Amino acid sequence: MVEESKIYVYMEAKKPFFITTPIYYANGLPHIGHAYTTVAADVVARAKRLTGQEVIFSTGTDEHGAKIAEKALLEGKNPQEFVDGIAKAFEELWKRLDISHDHFIRTTDAQHKNVVTNVLTFLYDKGAIYKGEYEGLYCVGCEQFKMESDLVGGKCPDHNRIPEKMVEESYMLKMTEYQEALIQKIESDELCIRPVKYKKEILSFLKGQKLEDISLSRKNVAWGIPLPFDETHTTYVWVDAFLNYLTVLGWDGKSEMPQTWPADVQFIGKDILRVHATIWQILLLHLGFPVTKTLFTHGHILSGGKKMSKTLGNVISIDEMLETFGVDGTRYLLLSGGTFGEDMDLTPERMKEKYNADLANGLGNLVSRVLKLSERLQGRYEPGPGVALSSPYIECMENIELSQALELVFARMKQANEYMSQEEPWKLAGVDQERFEKVIRVILADLEIIAFSLNPFLPETAKKIQTALREGKTDPLFQRI
Ligand SMILES: [Zn+2]
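The shown structure was predicted, so the numbers you read here are calculated from the model rather than taken from an experiment.

(A) Spotlight on the environment of Lys306. Mapped onto the secondary structure, Lys306 falls in strand E15 (residues 306–307). Its relative accessible area of 48% is what places Lys306 among the partly exposed residues. When the C-alpha atoms of Lys306 and Lys219 are compared, they prove to be 38 Å apart, with 87 residues separating the residues in sequence.

(B) The side chain of Asp230, seen in detail. As for its placement among the helices and strands, Asp230 is situated in strand E11 (residues 230–235). Despite being buried, Asp230 has no salt bridge partner; Lys131 is the closest side chain of opposite charge, sitting 4.3 Å away. A distance of 2.6 Å separates the side chain of Asp230 from the side chain of Thr232, its partner in a polar contact. When residues no more than four places from it in sequence are discounted, the contact partners of Asp230 are Lys131, Glu169 and Tyr171.

(C) Region of the structure containing the nonpolar core. By size, the foremost hydrophobic cluster in this structure holds 95 residues, and its most contacted members are Phe267, Leu402 and Phe457. Filtering out sequence-adjacent residues up to four positions away, Leu402 remains in contact with Ala40, Val43, Val44, Leu335, Phe340, Met397 and Phe457. If you look at the next biggest cluster of nonpolar residues, it comprises 57 residues, including Ile105, Val116, Ile129 and Phe289.

(D) The pattern of salt bridges, seen in detail. If you walk through the whole model with that rule in mind, you get 31 salt bridges. For the salt bridge of Asp42 with Arg46, the shortest nitrogen-to-oxygen distance reads 2.9 Å. In this pair, Asp42 and Arg46 are both assigned in helix H1 (residues 32–50), four residues apart and thus about one turn of the helix distant. You'll find Asp42 and Arg46 in the same group, each marked buried. In this structure, Glu190 and Lys185 form a salt bridge, with 3.1 Å as the shortest nitrogen-oxygen distance. Classification of Glu190 as partly exposed rests on a relative accessible area of 41%. Each of Asp42, Arg46, Asp98 and Arg331 takes part in one network of salt bridges that share partners.

(E) A look at the confidence of the model for the protein. In the predicted model, the protein carries a mean pLDDT of 93, and 97% of its residues have values of at least 70. In the predicted structure, residues 1–13 sits below a pLDDT of 50 and forms 29 contacts with residues beyond four places in sequence or in another chain.

(F) Structural view of unusual backbone geometry. Following Arg194, the chain continues into Pro195 via a peptide bond in cis, with omega recorded as -10°. Within the secondary structure layout, Pro195 lies in the loop between strand E7 (192–194) and helix H6 (196–208). Following Trp261, the chain continues into Pro262 via a peptide bond in cis, with omega recorded as 5°. Mapped onto the secondary structure, Pro262 falls in the loop between helix H8 (244–247) and strand E12 (265–269). At Asn160, a residue that is not glycine, the phi angle is positive and equals roughly 55°.

(G) Quick peek at the sheet that holds E12. Taken together, the six strands give an open sheet; going across it, the order is E3-E2-E1-E12-E13-E7, and neighbouring strands pair in parallel fashion. Of all strands in the sheet, those with a lone pairing partner are strand E3 (103–106) and E7, marking the two edges. On average, each strand axis in the sheet is tilted by 20° relative to the strand beside it, whichever way the strands run. With five bridges connecting them, E12 and strand E13 (residues 294–298) associate as parallel partners. Its bridge partner being in E13, Ile268 is matched across the sheet by Thr297.

(H) Spotlight on the pairing of strand E6 (residues 164–173). When strand E4 (residues 129–139) meets E6, the two strands line up antiparallel, connected through 10 bridges. Each residue of the ladder has a partner; that of Lys131, found in E6, is Tyr171. Two elements, E6 and strand E8 (residues 214–215), share two bridges in a ladder whose sense is antiparallel. Within the sheet, the bridge partner assigned to Met172 lies in E8 and is Ser215.

(I) Just the packing of helix H4 (residues 110–126) against helix H10 (residues 279–287), in detail. It is the contact of H4 with H10, at a shortest axis distance of 11 Å, that shows an interaxial angle of 70°. Judged on the interaxial angle alone, H10 and H4 are roughly perpendicular. Of the residues in H10, those touching H4 at Val119, Phe122, Leu123 and Lys126 are Leu283, His286 and Leu287. A per-class count over the contact of H4 with H10 returns five nonpolar, one polar and one charged.

About the cut-offs
Residues numbered from 1 in each chain as written. Predicted model: local features only at pLDDT ≥ 70, side-chain atom pairs only at ≥ 80, totals over all residues. Heavy atoms only, no water. Helix = DSSP H or I, 4+ residues; strand = E, 2+ residues; numbered from the N terminus. Buried < 20%, exposed > 50% of the residue type's maximum accessible area, 1.4 Å probe, protein only. Lys, Arg positive; Asp, Glu negative; His and termini not counted. Salt bridge = Lys/Arg side-chain N within 4 Å of Asp/Glu carboxyl O. Polar contact = N/O pair within 3.5 Å; in protein donor to acceptor, adjacent residues only side chain to side chain. Contact = heavy atoms within 4.5 Å. Core = buried A, V, L, I, M, F, W, Y, C linked by side-chain atoms within 4.5 Å. pLDDT = per-residue confidence, 0-100. Pairing = 2+ DSSP bridges. Axes fitted to C-alpha atoms, helices over the stretch in contact; angles between N-to-C directions. Parallel < 35°, antiparallel > 145°, perpendicular 65-115°, else oblique. Nonpolar A, V, L, I, M, F, W, Y, C, P; charged D, E, K, R; others polar.

Written out as structure tokens, the structure is:
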């Protein structure tokens, strides 16, 4: 069945299709935002595998830095103990959400630390790193020096606080020598930034100012990887975190580029777009490696139109979602709540409504009614030899228009439901048996396509429908809430 369904053909099947999520900062437990990015990446990974493509899908945790050391201290743990606990929580959540990643990388892995050390040596020897003094506006909340252009009303927009002026001896990574090259690569889509509005945003940023060199080390932060050429400094987030995308491929930081590089799709939230589109790409250019193929940027999840915060009391808990809606219900709500790429607004009421309408009353009800009716068929229904996915669906999947692809599947489901209401096959059985057979077989064939198309999104449900079609029976797919 899968063989026959290789409708979408990939031009480059030579290397595995490499998909990454960001590695998540291990200063707290995973939340709905992490789940959102990771489920989306999982959908693309599963869709590629369905076509027979070899896939490498990686995720992980970013585990160094002052903020983590502080958090550990507050909990009376040493930093390693603390991040071990956080990493475990992430891995458990991915298991519950049916995430099919191949690698979970942690920046405290010995192999990763070794690569970072090797790369820092390489960059220093090459003259890409120099000792400087960095003066900047430092947001303690972000643990980042901010540029004026990042601030809103003089304040860090993420933390609503005025950053402090800070001067510090620091090693710097040269940025400007690749600025023009980077602009060209983005303009030509060699580095494809999607949705396209984000491409425009980055281009106008890059054309509007000379990039500042990046501070890549800190003094007085013990919880980090020491610079091999000056052990009084530890490396600051950039080199350490971004290199995960290479070390996860088994690279040693010295020899040739790993064969699976470049990444085909790197998923990121819009808050980390700029650093991924500039610092990470320039780091690659310093190494002499190709840039990322596609940086796919998604928006944030809002709750009742507002950013989630404990103070507002509008935090949507991913654990509660899983308890209420189950794995596939949660995956569905994350991907269907708005246009993927844009901000998405969720509320508990709307999620419940959508779950009941689309899954329990829609898909679940259709499957159980049709299977019940199919008991009255003369001769079994045999699933066909292959499934032809619709070309709009394929196109959406290729363009990572995930919510639109899902809408197409559910539109088909609604059509099948309407067809059933029109034809009223329950009145036809034994009366106009020929017509009854035709109607039921049409809907069963539709269900096959629906199940196949749902596979990347709702893997468990798709499997249940496919099994039910073979066996002629099923338990209810979704309990109404
Ligand atoms: Zn901040």
